[in-house]
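Coordinate inspection notes
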Amino acid sequence: MVNEQILEALDWRYATKIFDADKKINEKDWNTLVESVRLAPSSYGLQPWKFIVVENKELRAKLREVSWNQSQVTDASHYLVFTTLEKLDAQYVDKFVADIAKTRGLQVEDLAGYRDMMVGNLVEGPRSQTIDAWAQRQSYIAMGQLTLAAGLLKIDTCALEGLDPAAYDKLLGLEDGPYKTIAAVALGYRKDDDKYKDLKKVRFDQEEVFEYKK
Ligand SMILES: Cc1cc2nc3c(=O)[nH]c(=O)nc-3n(C[C@H](O)[C@H](O)[C@H](O)COP(=O)(O)O)c2cc1C
């Protein structure tokens, strides 16, 4: 049953502290994980993000130094840095609208109303002042989707906010570009001696965090 599979994966997943540096995610699984990120929903569908897969070992070592020396940065099979847009301009919206038109066989003119609504809200409206926070929120949806997909594949993850975003931007050459580091996710396989894997989940009861308005 899918229900059990989902619950089992969510319980199996934990924020992995010690990865087995010798175990690598295979290409098929990696592609599924990449798709789980790419297919994430976002406000208006604007996808205000870029995901950087850091394969270079020396770079991973340098990133670890600015990530509270967390071993996941160097030892995980894959390391994905989440970056998001700081600002949104009309050009970006137009590119997105052109993509919708192309994908769905429409004319750009058919989408003028939608385009103007997005520009009015996010580029010209008061929301333009907080695009960075808006974009960051979108990226966490992708992060959640990624960790669930990984859990279903029995691939371990650890989300990392314990890092210096400005130092990441420098190391990744993002300083002058539109995207800035927000967080990262390490992915791979747990080491058997990671004692965190045996800890019981600490979560508030449903009654505490859900309220039903009847
Ligand atoms: C956005 C985010 C950032 C996190 N940053 C770190 C981190 O830098 N290092 C770490 O070891 N765990 C990090 N965690 C893991 C949390 O501490 C962990 O998810 C929480 O304690 C619940 O435990 P569980 O995920 O094992 O169930 C992060 C989790 C999230 C969602």
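Look above for the structure.
Around the ligand sit Tyr14, Ala15, Lys17, Gln70, Cys158, Ala159, Leu160, Glu161, Gly162, Ala183 and Lys201, and that is every residue in its neighbourhood. When residues in the shell around the ligand are grouped by element, the largest group, three residues, is from strand E3 (residues 156–160). Among the residues making up the shell around the ligand, the classes are represented as six nonpolar, two polar and three charged.

Within the fold, Asn56 resides in the loop between strand E1 (49–53) and helix H3 (57–65). A C-alpha to C-alpha distance of 9.8 Å links Asn56 and Thr74, two positions 18 residues apart in sequence.

As a further point, take unusual backbone geometry. Positive phi, normally seen in glycine, also occurs at Asn69, with a value near 55 degrees. Along the chain, Asn69 falls in the loop between H3 and helix H4 (72–75). The phi angle at Lys154 is positive, at roughly 60 degrees, despite the residue not being glycine. Its place among the elements puts Lys154 in the loop between helix H7 (131–152) and E3.

What follows is about the environment of Arg13. Take Arg13: it is sitting in the loop between helix H1 (2–12) and helix H2 (27–38). When residues no more than four places from it in sequence are discounted, the contact partners of Arg13 are Thr147, Gly151 and Thr157.

The next point concerns helix H5 (residues 90–104). Between its first and last C-alpha atoms H5 spans 21 Å; for 15 residues at 1.5 Å apiece the expected length is 21 Å, and the two agree. Every buried residue of H5 is listed here: Val93, Phe96 and Val97. The buried residues of H5 occupy an angular sector of 100 degrees when projected down its axis, which confines them to one face. Seen from the open side of H5, the exposed residues pointing more than 90 degrees away from its buried face are Gln91, Lys95, Asp99 and Lys102.

Two packed helices can be described by the angle between their axes and the distance between those axes. At their nearest, the axes of H1 and H7 sit 8 Å apart, and the two run at 105 degrees to each other. One element, H1, and the other, H7, form an angle in the roughly perpendicular class. Residue-level contacts link Gln5, Ala9, Leu10 and Trp12 of H1 to Leu148, Gly151 and Leu152 of H7. Class assignment of the residues belonging to the contact of H1 with H7 gives a composition of five nonpolar, two polar and no charged.

Now for the environment of Lys201. Summarising the element assignment, Lys201 is placed in the loop between strand E4 (179–188) and helix H9 (206–209). Lys201 sits 115 residues away from Glu86 along the chain, and the two C-alpha atoms are 35 Å apart.

So, on to the pairing of strand E2 (residues 78–85). Within E2, eight of the eight residues are buried, leaving the element largely enclosed by the surrounding structure. Two elements, E1 and E2, share five bridges in a ladder whose sense is antiparallel. Paired with Phe51 across the two strands is Phe82, which belongs to E2. Sheet topology note: the E2/E4 ladder contains eight bridges and is antiparallel. What sits directly across from Thr84, in E4, is Lys180.

Parameters at a glance
- Residues numbered from 1 in each chain as written.
- Predicted model: local features only at pLDDT ≥ 70, side-chain atom pairs only at ≥ 80, totals over all residues.
- Near = placed C-beta within 6 Å.
- Helix = DSSP H or I, 4+ residues; strand = E, 2+ residues; numbered from the N terminus.
- Nonpolar A, V, L, I, M, F, W, Y, C, P; charged D, E, K, R; others polar.
- Contact = placed C-beta atoms within 7 Å.
- Expected span 1.5 Å × (residues − 1).
- Buried ≥ 20, exposed ≤ 12 C-beta atoms within 10 Å, placed from the backbone.
- Arc of directions from axis to C-beta.
- Axes fitted to C-alpha atoms, helices over the stretch in contact; angles between N-to-C directions.
- Parallel < 35°, antiparallel > 145°, perpendicular 65-115°, else oblique.
- Pairing = 2+ DSSP bridges.

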